[in-house]
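Structural characterization, general
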Amino acid sequence: LGDVYKRQHQKAFSSSNAPTVDLQVNFKLNSNQLSKAAKQQLNALGEALNNSELKDSKFIIAGHTDASGSKIKNLDLSQKRAQAVVNFLTAHFKINPKQLSAVGYGGTQLKDFLNPNSATNRRVEVQLVKDPLKDSREEKIKW
C-alpha cells in the first residue's frame, strides 16, 4: 500500500510494509448487529480492500464470542457475526464475495482469556490470508 494510503487507513491496516489487516469489530452481548462504530471501521476497510494491491487477496472474516452461553449457541452467533461483516462489505463495496470467507469460532479463541465473559471477546477479526492453499485453517475456510 502506498504511504499516503496507509496513513489514511491506519485503523484498518497495520503499519508494516506488507499489506496485513489489523482490524477488530466488536459486538454487544448476544448480538450480530453492526454498531455505528463498527460500520465506520468497515467503511475504512471496504475502501482499503478496493485498493488495486489487494483486489486479488483473500481474507478470513473470523467471528468470535465470549464464553457465556452454550458452545452450540456461541458457534452459531460467531458465524452470524462474521457473515454480517461479509454482507456489509459486499453490499456497500464492490468486493468479490469469493475474497471473503466467514468463519465462526464461538468462544474457542478468547482474546481476554483471563476474563472469558469480557466484551473484548465478542468480536470479528479480519485476517489477510497470505497463501490460501497452505493456510492451516483450511478445513473451516470456504472460498
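In short, a report on the structure. (Residues numbered from 1 in each chain as written. Predicted model: local features only at pLDDT ≥ 70, side-chain atom pairs only at ≥ 80, totals over all residues. Heavy atoms only, no water.)

A few words now on empty space enclosed by the protein. Enumeration over the complete set of coordinates arrives at one cavity of 30 Å³ or more. Its volume calculated, the largest cavity comes out at about 40 Å³. As for the largest cavity, its lining consists of Leu29, Asn30, Thr65, Asp66, Ser68, Asn74, Leu77, Arg81 and Arg122. Residue classes in the lining of the largest cavity are distributed as two nonpolar, four polar and three charged. (1 Å grid on protein atoms, 1.4 Å probe; cavity = no way out; pocket = protein on both sides within 12 Å on 5 of 7 lines; lining within 4 Å. Points joined across faces, edges and corners; volume = space filled by probe spheres on them. Nonpolar A, V, L, I, M, F, W, Y, C, P; charged D, E, K, R; others polar.)

Let us look at helix α2 (residues 36-49). The end-to-end C-alpha separation of α2 is 20 Å, in line with the 20 Å expected for 14 residues at 1.5 Å each. Among the residues of α2, Ala38, Leu42, Leu45, Gly46, Ala48 and Leu49 are the ones counted as buried. On an axial view of α2, the arc spanned by its buried residues comes to 155°, and they lie on one face. (Helix = DSSP H or I, 4+ residues; strand = E, 2+ residues; numbered from the N terminus. Expected span 1.5 Å × (residues − 1). Buried < 20%, exposed > 50% of the residue type's maximum accessible area, 1.4 Å probe, protein only. Arc of directions from axis to C-beta.)

With the rule as written, the count across this model stands at three salt bridges. Asp76 serves as the salt-bridge partner of Lys80, at 3.2 Å between the closest nitrogen and oxygen. With Lys80 and Asp76 both in helix α3 (residues 71-92) and four residues apart, this pair spans about one turn of that helix. On the accessibility criterion, Lys80 (42% relative accessible area) is partly exposed. A salt bridge links Arg123 to Glu125, with the shortest nitrogen-to-oxygen separation between them at 3.0 Å. The pair Arg123 / Glu125 is uniform in exposure class, with both members buried. (Salt bridge = Lys/Arg side-chain N within 4 Å of Asp/Glu carboxyl O.)

Turning to the nonpolar core, a few remarks are in order. Within soluble globular proteins, side chains that are nonpolar tend to cluster in buried spots. Formed by 23 residues in total, the largest nonpolar core has its most connected members in Leu42, Ile61 and Leu89. Counting residues per element, the ones that place at least two in this core are β1 (23-26), α2, β2 (58-64), α3, β3 (100-104) and β4 (123-129). Sort the elements by how many residues they give to this core and α3 lands first, with five residues. Ala62, Val103, Tyr105 and Val129 belong to the second largest nonpolar core, which has five residues in total. (Core = buried A, V, L, I, M, F, W, Y, C linked by side-chain atoms within 4.5 Å.)

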